[in-house]
Amino acid sequence: MHPLYQGAHFLTAAARVEQAPLDAGREVAFVGRSNAGKSSAINALCHQKGLARTSKTPGRTQQLVFFELDAERRLVDLPGYGYAKVSVAVKLQWQAQLARYLELRASLAGLVIVMDIRRPLAEFDRQMLSWGLRRGLPILALLTKADKLKRGAVAATLAQIRREAGVIGGEIHCEPFSALDRTGIEPVQARLDLWLEVG
Ligand code: GDP
């Protein structure tokens, strides 16, 4: 158990970047298409069951959700818009909020892109990757639902993404993860510790 993440609690939700908490200290943001497994990953990393909502509450899905770790550190759950059943206009608006957050948020220290290991680097993921890298952020490709693949297939997917990351350039880390069998929790927490300057 990691006490910092175990102590994570809901701080506030913001529909617009301007409504976000004071832009001080350090925070790490999680993005992912709907159903990628982002809520489950945040809950597993924080050793909690109901922190990030795994059920899709309409309305909540379009807000930036801030979790406080301590006075100087936060995790942020960013809405994805992958499969969500909303109009194109709403998606574009939402996309603009994400872009603004990624561009403007000074305390943002790293970006975790949560992807289903069976369907990595979809268009949405590539968009987030490119926005994150443009900001000069370090990226963690969190490849979740690794329990769904055999070990060899996990290794092959990792190798493929690392190859692509090498071509793209920038700081891109990859970790296989499973909220179900708890694979990857410690290495991901260790990466967040570095970004959040823990210890
Ligand atoms: P979100 O929309 O990205 O927040 O995704 P959720 O965390 O709500 O997960 C979407 C679905 O994937 C749910 O049915 C979860 O039970 C399932 N899921 C999430 N993580 C894992 C995992 O590590 N392994 C498996 N097998 N299923 C998972």
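Our subject in this report is the structure included herewith. (Residues numbered from 1 in each chain as written. Predicted model: local features only at pLDDT ≥ 70, side-chain atom pairs only at ≥ 80, totals over all residues. Heavy atoms only, no water.)

## Focus: the pattern of salt bridges
Moving on, step 1. Summed over the entire model, instances satisfying the criterion amount to 12 salt bridges.
Moving on, step 2. The salt bridge partner of Arg118 is Asp116, with a shortest N-O separation of 2.8 Å.
Moving on, step 3. By relative accessible area, which is 35% here, Arg118 ends up partly exposed.
Moving on, step 4. Taking relative accessible area as the criterion, Asp116 reaches 6% and is therefore assigned buried. (Salt bridge = Lys/Arg side-chain N within 4 Å of Asp/Glu carboxyl O. Buried < 20%, exposed > 50% of the residue type's maximum accessible area, 1.4 Å probe, protein only.)

## Points about the side chain of Ser107
Moving on, step 1. Following the sequence through the fold, Ser107 ends up in the loop between helix H3 (88–104) and strand S5 (108–116).
Moving on, step 2. Among the polar contacts made by the side chain of Ser107, one reaches the side chain of Arg74 at a distance of 3.1 Å.
Moving on, step 3. Leaving out residues up to four positions away in the same chain, Ser107 has contacts with Asp23, Ala24, Gly25, Arg26, Glu27 and Arg74. (Helix = DSSP H or I, 4+ residues; strand = E, 2+ residues; numbered from the N terminus. Polar contact = N/O pair within 3.5 Å; in protein donor to acceptor, adjacent residues only side chain to side chain. Contact = heavy atoms within 4.5 Å.)

## As for the site of the ligand
Moving on, step 1. Taken together, 17 residues are adjacent to the ligand, and Asn35, Lys38, Ser39, Ser40 and Asp147 come closest.
Moving on, step 2. The contact in question runs from an oxygen atom of the ligand to an N or O atom on the side chain of Ser40, over 2.6 Å.
Moving on, step 3. Bound to the protein, the ligand loses 77% of the 580 Å² it would expose on its own.
Moving on, step 4. The element contributing the most residues to the shell around the ligand is helix H2 (residues 38–45), with 3 residues. (Near = heavy atom within 4 Å. Areas by Shrake-Rupley, 256 points an atom, 1.4 Å probe, with all protein chains shown as cover.)

## What about the sheet that holds strand S1 (residues 9–14)?
What holds strands together in a sheet is hydrogen bonding between their backbones, with the strands either parallel or antiparallel.
Moving on, step 1. Overall, mixed pairing links the 7 strands, which are arranged S1-S3-S4-S2-S5-S6-S7 in an open sheet. Each of the sheet's edge strands pairs with one partner strand only, and the pair in question is S1 and strand S7 (172–176). If you compare each strand with its neighbour and ignore which way they point, the axes differ by 25 degrees on average.
Moving on, step 2. As defined by bridge partners, S5 adjoins strand S6 (residues 139–144) across 6 bridges and the pair is classed as parallel. What sits directly across from Val112, in S6, is Leu140. (Pairing = 2+ DSSP bridges. Axes fitted to C-alpha atoms, helices over the stretch in contact; angles between N-to-C directions.)

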